[in-house]
Amino acid sequence: MKGLFKTDKGQIRKLNEDYGGVHLNEADQYLTIIADGMGGHKAGEVASQLTHKVFSEAWLIESDIKTAKESEQWLKENIIKANQKIIDYARNDEACQGMGTTVVAAICTNEFITIAHVGDSRGYLLNESGFNQLTDDHSLVNELMKSGEISENEAITHPQKNVLLKALGTKQDINPEIKTIPWEEENRLLLCSDGLSNKINNSELSNIVKKVNTEEEIEEKLIKLANDRGGEDNITVSLIIKESSSKVGDY
């Protein structure tokens, strides 16, 4: 496996409130996470950093994830822990009241991947069945689309496009969506913040992830395209690639 994380503040924002990374545990299993912060002056950055800190510190001392059940439980526990950490921090700092963050995180073992999310940061998987979105946005616009009240084209420019129905730090009880999927050779897992997915549609994402060879080139091309189309938001991308056994031997 190979993993890479890249973030860019975009063309308009003065601060980058996205945070995350790619991390290995003692068993050389990958954790990748993206948190897209929101709130007042610098508060979004605080919320996303706190979330990443909870996950990365817990992963460093995680010796080995053996089953899908363990993986799902680990992600759920740390999302709940990060949610509480943000709430407690905001209670003690008036400037941070109302802050929150989305989160999308995935554990990659040799046999499976488990992905969890809250909010509208996304996960995609390229495998033998094609390029598929694994997450379902927790947003007002997505609910309006699912109910048939607006079309996909109307959603792109909807005035309430950025309204989230779920985010860490906004409610005491948080229920992430979590799923586990087989992880095969030549699979590619892409996580991103909405600064990318709002600028590049799924068909375009699929073409780039499929056709560009290296993870560095994929991430550079994606971020450049989002910036070329305005870059109004922070843009963050994480990519994990499971190589074929023949390719692994070539390195």
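Residues numbered from 1 in each chain as written. Predicted model: local features only at pLDDT ≥ 70, side-chain atom pairs only at ≥ 80, totals over all residues. Heavy atoms only, no water.

A. Region of the structure containing the pattern of salt bridges. Throughout the structure, instances matching the rule amount to twelve salt bridges. Linking Lys53 and Glu57 is a salt bridge whose minimum nitrogen-to-oxygen distance equals 2.9 Å. Highlighted residues: Lys53 and Glu57, both in helix α1 (residues 43-60), separated by four residues, approximately one helical turn. Residue classification places Lys53 among the partly exposed residues on the basis of a relative accessible area of 45%. For Glu57, a relative accessible area of 44% translates into the label partly exposed. What emerges from the salt-bridge pattern is a single network uniting Lys2, Glu215 and Glu243. (Salt bridge = Lys/Arg side-chain N within 4 Å of Asp/Glu carboxyl O. Helix = DSSP H or I, 4+ residues; strand = E, 2+ residues; numbered from the N terminus. Buried < 20%, exposed > 50% of the residue type's maximum accessible area, 1.4 Å probe, protein only.)

B. Just helix α7 (residues 215-228), in detail. Its 14 residues place the ends of α7 20 Å apart at the C-alpha level, agreeing with the 20 Å of an ideal helix rising 1.5 Å per residue. Listing the buried residues of α7 in full gives Glu215, Ile218, Glu219, Leu222, Ile223, Ala226 and Asn227. The buried residues of α7 occupy one face: seen down the axis, they fall within an arc of 155 degrees. Relative to its buried face, α7 has exposed residues pointing more than 90 degrees away, namely Lys224 and Asp228. Elements that come into contact with the buried residues of α7 comprise β1 (2-8), β9 (188-192), α5 (194-197), α6 (202-211) and β10 (235-241). At the exit of α7 stands Gly230, carrying a positive phi of roughly 130 degrees. (Expected span 1.5 Å × (residues − 1). Arc of directions from axis to C-beta. Contact = heavy atoms within 4.5 Å.)

C. Region of the structure containing the environment of Gly231. Secondary-structure assignment places Gly231 in the loop between α7 and β10. Here the alpha-carbon distance between Gly231 and Ile12, two residues 219 residues apart in the chain, equals 6.6 Å. Not counting residues up to four positions away in its chain, the partners in contact with Gly231 are Gly10, Gln11, Ile12, Lys199 and Ala226.

D. Broad picture of the packing of aromatic side chains. Throughout the structure, instances matching the rule amount to three aromatic pairs. A centroid spacing of 5.1 Å and a plane angle of 80 degrees characterise the contact between Trp59 and Trp74, whose relative ring orientation is edge-to-face. Here the residue Trp59 occupies a position in helix α1, and Trp74 occupies one in helix α2 (residues 68-91), the gap between them amounting to 15 residues. Look at Trp59 and you get buried, because its relative accessible area is 0%. Take Trp74: its relative accessible area is 7%, and that puts it in the buried class. Each member of the aromatic cluster is reached from another via a ring pair, and the members are Phe55, Trp59 and Trp74. (Phe/Tyr/Trp six-rings, centres within 6.5 Å; stacked < 30°, edge-to-face > 60°.)

E. Representation of the sheet that holds strand β4 (residues 100-108) within the structure. Pairing is antiparallel in the open sheet, where five strands are placed in the order β2-β3-β4-β5-β8. Unpaired on one side and paired on the other, β2 (18-24) and β8 (177-182) mark the two borders of the sheet. For this sheet, the mean inter-axis angle between neighbouring strands, taken without regard to orientation, is 10 degrees. Here strand β3 (residues 30-38) runs beside β4; their pairing, made up of nine bridges, is antiparallel. Across the sheet, residue Thr32 finds its bridge partner in β4, namely Ala106. Packing against the sheet, α1 makes contact with β2, β3 and β4, and its axis sits at approximately 165 degrees to β3. Of the strands in this sheet, β3, β4, β5 (112-118) and β8 are in contact with α2, which crosses β5 at around 25 degrees. (Pairing = 2+ DSSP bridges. Axes fitted to C-alpha atoms, helices over the stretch in contact; angles between N-to-C directions.)

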